[in-house]
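Observations on the three-dimensional arrangement
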Amino acid sequence: SGYCQALEEHHLPVREESFFLIKYGESGILETYDAMYQRKDEFTALFFASDYYAWLAINYFYDKGIKIPDDISVVGFDDNIFARNIDKSKNILVCF
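A few points on the structure. (Residues numbered from 1 in each chain as written. Predicted model: local features only at pLDDT ≥ 70, side-chain atom pairs only at ≥ 80, totals over all residues. Heavy atoms only, no water.)

This part covers the nonpolar core. Note on soluble globular proteins: their nonpolar side chains tend to be buried together. Counting residues in each nonpolar core, the largest one holds 16 residues, and the members touching the most others are Tyr33, Leu46, Phe48 and Phe61. Only helix 2 (25–38) and helix 3 (51–63) provide two or more residues apiece to this core. With near-sequence residues (within four places) excluded, Phe61 lies in contact with Met36, Tyr37, Leu46, Ile66 and Ile68. (Core = buried A, V, L, I, M, F, W, Y, C linked by side-chain atoms within 4.5 Å. Buried < 20%, exposed > 50% of the residue type's maximum accessible area, 1.4 Å probe, protein only. Helix = DSSP H or I, 4+ residues; strand = E, 2+ residues; numbered from the N terminus. Contact = heavy atoms within 4.5 Å.)

Next comes the structure, spelled out in structure tokens:
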């Protein structure tokens, strides 16, 4: 992938444990986000290939008391409708 290639070009390690495969269905998504939450202190940002999953993560972490972007940044990729409908009262910055 481009991400892994960029890391390698800058002599940074590609660590498989830094990737989360989001499981299918509501319970699978929740299970994956629970795993992210357990490791929240290891990351300064989470990048999602879909704004839908980024939107879900923002709401999940907000409900857990995590401040976006103060405690952790969340980035989505595909600029879909979910990015345009994020609740701005949660003190986040959305860039288009």
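On we go.
We now examine the environment of Arg15. Relative to the helices and strands, Arg15 is located in the loop between helix 1 (2–9) and helix 2. Between the C-alpha atoms of Arg15 and Cys4, which are 11 residues apart in sequence, the distance is 9.2 Å.

Turning next to the pattern of salt bridges. One pass over the structure, following the stated rule, counts 3 salt bridges. Salt-bridge contacts for Arg15 lead to Glu17; the nearest nitrogen and oxygen are separated by 3.3 Å. A relative accessible area of 45% means that Glu17 is categorised as partly exposed. Of the charged contacts in the structure, one is a salt bridge between Arg39 and Glu42, with a shortest N-O distance of 2.9 Å. For Glu42, a relative accessible area of 47% gives the class partly exposed. (Salt bridge = Lys/Arg side-chain N within 4 Å of Asp/Glu carboxyl O.)

Taking 1.5 Å per residue as the helical rise, helix 2 with its 14 residues ought to reach 20 Å, and the 20 Å between its terminal C-alpha atoms agrees with that figure. In this fold, the buried residues of helix 2 make contact with strand 1 (45–47) and helix 3. (Expected span 1.5 Å × (residues − 1).)

Where nonpolar side chains cluster on the molecular surface, the patch consists of Phe47, Val75 and Phe77 and spans about 340 Å² of accessible area. With respect to the helices, strands and loops of the structure, Val75 is situated in strand 2 (residues 73–75). The class of Val75 is partly exposed, set by a relative accessible area of 37%. (Patch = residues over 30% accessible without salt bridge, like charges linked within 9 Å, V, L, I, M, F, W, Y side chains within 5 Å. Areas by Shrake-Rupley, 256 points an atom, 1.4 Å probe, with all protein chains shown as cover.)

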